[in-house]
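A structural walkthrough
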Amino acid sequence: MPELPEVEVVRAGLEPAITGATVTAVTVLDERSLRRHPGPPEDFVDRLTGATLLAPARRGKYMWVPIVPQPPLREPVETQPESAPLPELVEGGSESPSSALVVHLGMSGQVLLREPSVEDRLTRIRLDLAHPDHGALRLNFVDQRIFGSMAIDELVPVTDARSQTIPSQVAHIARDPVDQLFDESAFLRKLAVRKTGIKRALLDQTLVSGIGNIYADEALWAARIHYEQPTNTLSRLRAKVLLGEVRAVLAKALAEGGTSFDTQYLNVNGESGYFAHSLNAYGQQGEPCPRCGRQIIRETFMNRGSHFCPFCQLLRLG
DNA sequence: AAGTAATCCTGATCGC
DNA sequence: TGCGATCAGGATTACT
């Protein structure tokens, strides 16, 4: 479930269930779901098996679970070559983790928490877990289109805060608008010099992360801005209003458990969100605009749909 | 350098 | 019922 609210629903659902659990088995059913793993599938399995999972984190549409690797088995002393002094790298219980399981849901990914041995159709990767308090459980990574992925990646320091880390493959995206450290003035500055349409900019994860096609259309409708309005023609005030609408729609969707059009987009317990009932523009082509009553239309844009009210959301040029 | 199209995929659904 | 076309919530890559 792709956009920020849906990913956050998954992250929040995972947190109490898997934090502190140990991975007992890893089954890769389709290697294409490891396309973002920097190494062969066996490497993914080896690094994850036996590892302990810490509390899941998120930025934008990416989620990751920091992992503490299985402590390496002590080699029998007699096999140690020479007597090279070994660095005391283990016992670092207070050390912060250096790697994480990175999960991206793509267009159709789901993370489902199940009783042991439960199977789900279209499962691409399966993790069997043992939790000290909750016992055994199974995590099925389901993904119809295989645009999503799992990967083990190194955690690197962020550049804009102390003692925070992020997977290296996520480091290039901007913070999301619900992040306390989101740099609003930097976003507005970049927006002002961009030469592109506003929707393209909203979907550019290096400018602001977490927004996808649904919430871009919803926020633009709320702010009464046409999706092709050039970014450099938006006043700072209009841009700030738009950002406010983005935050509002993301928060409301999160409160309602995300958007589910059908059984494909579910939380970790296989349940739908309710925000689909609150959509004003997305998927509402042919329906009356909730504000002015005229028909919402859909246009093809970036190989997908843009939904808007042609009366409320006028393209203003010049 | 920056902006935009092309590409990666499968499965559900719709119209004929 | 069958079959092809269409559509889907994303991000990276390769061009211009």
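That block above? That's the structure.
Per chain, residues are indexed from 1 in the order of the written sequence. Each chain is given a letter, starting from A, and each ligand a number, starting from 1, according to the order in which they appear as written. This being a predicted model, a pLDDT of at least 70 is required before a residue's local features are given, and a value of 80 or more before pairs of side-chain atoms are given or counted; all residues contribute to the totals for chains, interfaces and linings. To get the side-chain values, all heavy atoms of the structure are used, and hydrogens and water are removed first.

**Observations regarding helix α6 (residues 236-255)**
Segments assigned H or I by DSSP are reported as helices when at least four residues long, segments assigned E as strands when at least two residues long, and all are numbered from the N terminus. By definition here, a helix of n residues has an expected span of 1.5 Å times n minus one. The end-to-end C-alpha separation of α6 is 29 Å, in line with the 28 Å expected for 20 residues at 1.5 Å each. Think of it in three bands: with a 1.4 Å probe and only protein chains considered, a residue is buried below 20% of the maximum accessible area for its type, exposed above 50%, and partly exposed in between. Taken together, the buried positions of α6 are Ala 239, Leu 242, Leu 243, Val 246, Val 249, Leu 250 and Ala 253. Summarising the axial view, the buried residues of α6 lie within an arc of 125 degrees, below the 170-degree limit, and thus occupy one face. Opposite the buried face of α6, by more than 90 degrees, sit the exposed residues Leu 237 and Ala 255. We call two residues in contact whenever any of their non-hydrogen atoms come within 4.5 Å of each other. Buried residues belonging to α6 abut α1 (4-18), α3 (184-193), α4 (198-203) and α5 (213-223). Note on α6: the residue one or two positions beyond its end, Gly 257, has a positive phi of about 85 degrees. Think of it as the arc spanned by the lines of direction from the helix axis to the C-beta atoms.

**Here we look at the protein's contact with DNA strand B**
Taken together, Arg 32, Arg 35, Arg 121, Leu 122, Gln 144, Arg 145, Phe 147, Arg 194, Lys 195, Thr 196, Arg 200 and Asn 303 are the residues near DNA strand B. Any pair of N or O atoms that falls within 3.5 Å is considered a polar contact. Within protein, one atom must be able to donate a hydrogen and the other to accept it, and sequence-neighbouring residues count only if both atoms are side-chain atoms. Here a phosphate oxygen of DNA strand B and a side-chain polar atom of Arg 32 are 2.8 Å apart. With respect to DNA strand B, the side chain of Arg 145 contributes an N or O atom lying 3.3 Å from a base oxygen. Class assignment of the residues belonging to the surface near DNA strand B gives a composition of two nonpolar, three polar and seven charged. Whether a residue is near a molecule or strand depends on its heavy atoms: it is near if one of them lies within 4 Å of it. Gly is put with the polar residues, along with every residue not named as nonpolar or charged; the nonpolar set is Ala, Val, Leu, Ile, Met, Phe, Trp, Tyr, Cys and Pro, and the charged set is Asp, Glu, Lys and Arg.

**Considering the pairing of strand β8 (residues 135-143)**
Burial runs high along β8: seven of the nine residues are buried. Both strand β6 (residues 109-114) and β8 contribute to a ladder of six bridges, which runs antiparallel. Bridging across to β8, Leu 112 finds its partner in Asn 140. Connecting strand β7 (residues 123-131) to the antiparallel partner β8 that follows it, the hairpin turn spans three residues. DSSP bridges decide pairing: two strands pair if at least two such bridges lie between them.

**Some words on the pattern of salt bridges**
In the sections that follow, a salt bridge refers to a side-chain nitrogen of Lys or Arg positioned within 4 Å of a carboxyl oxygen of Asp or Glu. For the structure shown, the criterion picks out 17 salt bridges. Ionic pairing is found between Arg 47 and Glu 154, a salt bridge with its closest N-O pair at 2.6 Å. Residue Arg 47 is located in helix α2 (residues 41-48), and its partner Glu 154 is located in strand β9 (residues 149-157); the two are separated by 107 residues in the primary sequence. Looking at Arg 47, the relative accessible area reads 28%, which means it is partly exposed. Glu 154 gets classed as partly exposed once you look at its relative accessible area, which sits at 35%.

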